[in-house]
Amino acid sequence: MTTRKHIHIGLSVAPTWLMNDAWRRDDSNVENVFSTDFFVEIAKRAEKAKIDFLFRPDTLFMKPEMIAGSPGFSSLDPTIQLAALAEHTSKIGLVTTASTTFYPPYIVARQIQSLNILSKGRVGWNIVTSLDGNENFGISEMPSSEDRYRQAAEFSDVVHKLWASYPSDAIIADRESGTYGTPDALTRIDHHGEFYDVAGPLNTPAFGNGKVPLFQAGASPAGRDFAASVAHAIFAATPDPEVARELRSDLRERAASKGRDPDDIRILPGLNMYLAPTREEAREIFAQTHARMDPRRMIAKVKELIALDLTDHPMDARVTADMLPPADTVVRSKTHGDLVRRLIERDQPTVKDLLTRPEVMGSSHWIVVGTPEDAVNEIAAWADINAGDGIIALPSGSHQSVELFLDQVVPGLQERGLFRTEYSGHTLADHLGVK
Ligand SMILES: Cc1cc2nc3c(=O)[nH]c(=O)nc-3n(C[C@H](O)[C@H](O)[C@H](O)COP(=O)(O)O)c2cc1C
């Protein structure tokens, strides 16, 4: 075995293998989407494969029409779901998602430190500023991306202060003297800022040194700046290796300019894998998954992504850079919008082609449709050119993709010396190498 730098691997337990029409397959396990036992089984298998962490993205809204043809964003609360998985695992990291736009920081600090205690130091927090759901929280309009990141920066600062406000060694529990704890070790944080006024201290003690690895996803300039200040890992939307390389080198530079070690920020591209024993079968699964893709829905998605209305354009007409709305047009996600703009500027695709690209049809994630060996080859090729520091696996199209990923792709990466064969620590910070 050659010695190569190990990559980090997270496995999404949002059931990506049910997306679009994939849930209709006999083996999709769609009946188990709210079952604990089913996810415990996946968690145990992922731990056996020595995966760094399970990853649970999350949203806080429901559009009724979304469940007409697929489960959409129907889901359990991620932190509660991961607490159930913590009980049945002992090493694998558990990365939950909490929105800084909608939740109060005291609740998030407490929930995450609680999961950290229950899992003995295995929690990670995926910080999202969210794209939708404002009406569920009494907010009439979604704040701009920049405002949401300003709030996220203050939010994460408050959470850090709260985690430090009740250190684990404040508890002595000396029966003889009757001393349970040291009040002086607890501190009021007395935070007064633009968005929050929080007195503290937290009423949940820290686990160990209380350090929790932080994840982030948005890649607009404000998102990158925020990530470079606080994040240890990025869930990246990178449809091709060039995007991943650019994001990685830019985030490393930004982290260094803030006095951080660039190695302390890890870029983990999402990877949709449609896997089968043969390429033909994998392509068939991909086609079945997207069989009911409605061009009108995709045209609406382009409008939502970049504010470009293609309704009256023939399918074989080219979409060119001069058709793009001004770059500062307000869109829902700058990250996703900029990736579509980049694709149009670079390739000038036909409307038909544009509608089937990952940037429009998916969430701009990297896609592999093929055998487990194809996936190993591609992951190794990206690692060789520093297009990221690992992956967040999004098995797609069929539950078989989850199994082939754990049973064949991960061992394939281990054989090439690209991934650990044993855990060397117990906490998520250990697995990721967060100091
Ligand atoms: C790859 C990716 C994954 C995301 N996952 C979530 C999520 O699970 N939940 C959520 O509420 N927002 C999610 N977001 C939204 C971001 O938190 C952020 O609000 C959005 O991308 C706007 O930031 P930007 O302008 O930097 O793109 C995600 C964004 C990206 C790019």
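In this text the structure is predicted, and so the values were computed from the model without any measurement. (Residues numbered from 1 in each chain as written. Predicted model: local features only at pLDDT ≥ 70, side-chain atom pairs only at ≥ 80, totals over all residues. Heavy atoms only, no water.)

**Considerations on the site of the ligand**
Step number 1: As a matter of local geometry, the ligand sits amid 20 residues, with D58, T129, S145, S220 and T335 nearest to it.
Step number 2: Taking A219, its main chain carries an N or O atom lying 3.4 Å from an oxygen atom of the ligand.
Step number 3: The contact in question runs from an oxygen atom of the ligand to an N or O atom on the side chain of T335, over 2.4 Å.
Step number 4: Protein chains shield 93% of the accessible area of the ligand, which is 610 Å² for the free molecule.
Step number 5: For the shell around the ligand, the elements supplying multiple residues, two or more each, are α4 (145–165) and α9 (334–347).
Step number 6: The residue inventory of the shell around the ligand, partitioned by class, reads eight nonpolar, nine polar and three charged. (Near = heavy atom within 4 Å. Polar contact = N/O pair within 3.5 Å; in protein donor to acceptor, adjacent residues only side chain to side chain. Areas by Shrake-Rupley, 256 points an atom, 1.4 Å probe, with all protein chains shown as cover. Helix = DSSP H or I, 4+ residues; strand = E, 2+ residues; numbered from the N terminus. Nonpolar A, V, L, I, M, F, W, Y, C, P; charged D, E, K, R; others polar.)

**What to know about the UniProt feature "domain: Luciferase-like" (unreviewed entry) in the protein**
Step number 1: Sequence positions flagged by UniProt for "domain: Luciferase-like" (unreviewed entry) are, in local numbering, residues 26–384.
Step number 2: With 40% helix and 14% strand, the stretch residues 26–384 has end C-alpha atoms that lie 38 Å from each other. (UniProt positions renumbered as here; feature names shortened; annotations may be inferred.)

**Examining the environment of R122**
Step number 1: Mapping R122 onto the fold places it in the loop between α3 (105–118) and β4 (123–128).
Step number 2: For R122, a relative accessible area of 2% translates into the label buried.
Step number 3: A distance of 2.9 Å separates a polar atom in the side chain of R122 from the backbone oxygen of T89.
Step number 4: Among the polar contacts listed, one links the side chain of R122 to the backbone oxygen of S119, at a separation of 2.9 Å. (Buried < 20%, exposed > 50% of the residue type's maximum accessible area, 1.4 Å probe, protein only.)

**Re the packing of helix α1 (residues 36–48) against helix α13 (residues 399–415)**
Step number 1: Contact geometry for α1 and α13: axes closest at 10 Å, N-to-C directions at 25 degrees. On the basis of the axis angle, α1 is roughly parallel to α13. α13 is crossed by α1, and the crossing has left-handed handedness. Between α1, through F38, I42, R45 and A46, and α13, the contact on the second element is made entirely by H399, V402, E403, L406 and D407.
Step number 2: For the contact of α1 with α13, the per-class residue count stands at five nonpolar, one polar and three charged. (Axes fitted to C-alpha atoms, helices over the stretch in contact; angles between N-to-C directions. Parallel < 35°, antiparallel > 145°, perpendicular 65-115°, else oblique. Left-handed = near helix turned anticlockwise from the far one by under 90°. Contact = heavy atoms within 4.5 Å.)

**Some thoughts on the nonpolar core**
Step number 1: Core analysis: the largest hydrophobic core is formed by 69 residues, its most contacted members being I51, W125 and F405.
Step number 2: Setting aside residues up to four positions removed in sequence, F405 forms contacts with I9, L11, I51, M273, L275, I391, A393, V410 and P411.
Step number 3: The next biggest cluster of nonpolar side chains, apart from the first, holds 16 residues, and it includes L305, L308, V351 and L354. (Core = buried A, V, L, I, M, F, W, Y, C linked by side-chain atoms within 4.5 Å.)

**Let's talk about α3**
Step number 1: Helix length check: α3 (14 residues) gives 20 Å between terminal C-alpha atoms against 20 Å at 1.5 Å per residue, within 8%.
Step number 2: Those residues of α3 that fall on the buried side of the exposure criterion are P105, V108, A109, I112, Q113, L115 and N116. One side of α3 holds all its buried residues, which, seen down the axis, span an arc of 155 degrees.
Step number 3: Looking at the buried side of α3, the elements it contacts are α2 (78–86), β3 (93–99), β4, α4 and β8 (197–198).
Step number 4: In the stretch just after α3, K120 is the one whose phi turns positive, near 55 degrees. (Expected span 1.5 Å × (residues − 1). Arc of directions from axis to C-beta.)

**A few points about the environment of Q400**
Step number 1: With respect to the secondary-structure elements, Q400 resides in helix α13.
Step number 2: When the C-alpha positions of Q400 and L76 are compared, they lie 23 Å apart, and in sequence the two are 324 residues distant.
Step number 3: If we skip the residues at most four places from it in the chain, Q400 touches D27, L275, A276, P277 and I285.

**Re the side chain of S401**
Step number 1: Along the chain, the position of S401 falls in helix α13.
Step number 2: You can call S401 buried: its relative accessible area is 0%.
Step number 3: Excluding residues that lie within four positions of it along the chain, S401 makes contacts with M273, Y274, L275, P395 and S396.

**A short note on the packing of helix α5 (residues 221–230) against helix α6 (residues 241–257)**
Step number 1: Their axes nearest at 9 Å, the elements α5 and α6 cross at an angle of 55 degrees. The angle between the axes of α5 and α6 places the two elements in the oblique class. Relative to α6, the crossing made by α5 is right-handed. Contacts between α5 and α6 involve P221, R224, D225, A227 and A228 from the first element and E246, L247, D250, L251, R254 and A255 from the second.
Step number 2: Of the residues contributing to the contact of α5 with α6, the split by class is six nonpolar, no polar and five charged.

**So, unusual backbone geometry**
Step number 1: Of note, the amide linkage connecting G200 to P201 takes the cis form, showing an omega dihedral of -5 degrees.
Step number 2: By the element assignment, P201 lies in the loop between β8 and β9 (214–216).
Step number 3: Phi at N20 takes a positive value of approximately 50 degrees, unusual for a residue other than glycine.
Step number 4: Relative to the elements of secondary structure, N20 occurs in the loop between β1 (8–12) and α1.
Step number 5: Taking the relative accessible area as the measure of exposure, N20 reaches 28% and is therefore partly exposed.

**Brief notes about the packing of aromatic side chains**
Step number 1: Counted under the stated rule, the structure contains 16 aromatic pairs.
Step number 2: Centroid distance F53 to F55: 6.3 Å. Interplanar angle 65 degrees. Geometry classified as edge-to-face.
Step number 3: On the basis of relative accessible area, F55 is assigned to the buried category, the value being 0%.
Step number 4: Ring geometry for F195 against Y196: centres 6.3 Å apart, planes inclined by 45 degrees, an arrangement best described as tilted.
Step number 5: Judged by its relative accessible area of 29%, F195 is partly exposed.
Step number 6: Put simply, the rings of W125, F155, W163, F195 and Y196 touch in pairs and so form one group of aromatic residues. (Phe/Tyr/Trp six-rings, centres within 6.5 Å; stacked < 30°, edge-to-face > 60°.)

**Here we look at the pattern of salt bridges**
Step number 1: Throughout the structure, instances matching the rule amount to 33 salt bridges.
Step number 2: One salt bridge connects K258 with D225, and the closest N-O pair in it is separated by 3.5 Å. Taken together, the residues K258 in the loop between α6 and β11 (266–275) and D225 in helix α5 connect sequence positions 33 residues apart.
Step number 3: Looking at K258, the relative accessible area reads 39%, which means it is partly exposed. (Salt bridge = Lys/Arg side-chain N within 4 Å of Asp/Glu carboxyl O.)

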